[in-house]
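The chain contents come next:
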Amino acid sequence: MLIKSLGEGNFGTVMLCSNKHQEILYALKTVPRPKIINYSLYKNLQQERELLLMLDSNFIMKLVKTFKDEHRIYFLQEYI
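A brief structural summary. Since we're looking at a predicted model, the values are computed, not measured. (Residues numbered from 1 in each chain as written. Predicted model: local features only at pLDDT ≥ 70, side-chain atom pairs only at ≥ 80, totals over all residues. Heavy atoms only, no water.)

### Describing the pairing of strand β1 (residues 2-8)
Note that β1 and strand β2 (residues 13-18) share five bridges and pair antiparallel. When the bridges of β2 are listed, L2 appears paired with C17. Between β1 and β2, which pair antiparallel in sequence order, lie four residues. (Pairing = 2+ DSSP bridges. Helix = DSSP H or I, 4+ residues; strand = E, 2+ residues; numbered from the N terminus.)

This is the structure we're talking about:
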């Protein structure tokens, strides 16, 4: 469930969302596919995903899950 916008950057938007079953808050980063294509971002997003999955630090937001649809790529991260 989307709650509100947390911010917007050059390539995407971050939304505050929650899991309706456990009421846990998450940050959902979304990057529109046209921007991925126009700015050749796919490789960068793949590298970001791989790095975040490898890291385990109290100083870096944890990546929970990534997924995609026909419009966007999504990074579901812990909300701090």
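### Description of the side chain of S18
Among the structural elements, S18 can be located in strand β2. Residue classification places S18 among the buried positions, given a relative accessible area of 16%. Sequence-distant contacts of S18, that is, excluding residues within four places in its chain, are made with M1, I3, I24 and L25. (Buried < 20%, exposed > 50% of the residue type's maximum accessible area, 1.4 Å probe, protein only. Contact = heavy atoms within 4.5 Å.)

### Here's the deal with the packing of aromatic side chains
In total, this model carries two aromatic pairs according to the counting rule given. Each ring, one from F11 and one from Y39, has its centre 5.1 Å from the other, and the planes form 70 degrees; the classification is edge-to-face. Pair noted here: F11 is in the loop between β1 and β2 and Y39 is in the loop between α1 (33-38) and α2 (42-54), with a separation of 28 residues, a long-range link. Considering the side-chain rings of F67 and Y74, the 5.0 Å spacing of their centres and the 20 degrees angle between planes classify their relative orientation as stacked. Under the relative-accessibility criterion, Y74 is labelled buried at 11%. K29 extends its terminal NZ or CZ atom over the ring of F75, reaching a point 5.3 Å from the ring centre. (Phe/Tyr/Trp six-rings, centres within 6.5 Å; stacked < 30°, edge-to-face > 60°. Lys NZ or Arg CZ within 6 Å of the ring centre and 35° of its normal.)

### Quick word on the nonpolar core
With eight residues, the main nonpolar core is built from V31, I36, L41, L45, L52, L63, I73 and F75. Elements that contribute at least two residues to this core include exactly α2 and β5 (72-78). Residues within four places of I73 in sequence aside, it is in contact with K29, T30, V31, R33, I36, Y42, L45, F67 and K68. If you look at the next biggest cluster of nonpolar residues, it comprises five residues, including C17, Y26, Y74 and L76. (Core = buried A, V, L, I, M, F, W, Y, C linked by side-chain atoms within 4.5 Å.)

### Topic: empty space enclosed by the protein
Within the structure shown, the criterion is met by one cavity of 30 Å³ or more. In this structure, the largest cavity spans a volume of roughly 40 Å³. L52, L55, I60, M61, K62 and L63 are the residues that line the largest cavity. In terms of residue class, the lining of the largest cavity is built from five nonpolar, no polar and one charged. (1 Å grid on protein atoms, 1.4 Å probe; cavity = no way out; pocket = protein on both sides within 12 Å on 5 of 7 lines; lining within 4 Å. Points joined across faces, edges and corners; volume = space filled by probe spheres on them. Nonpolar A, V, L, I, M, F, W, Y, C, P; charged D, E, K, R; others polar.)

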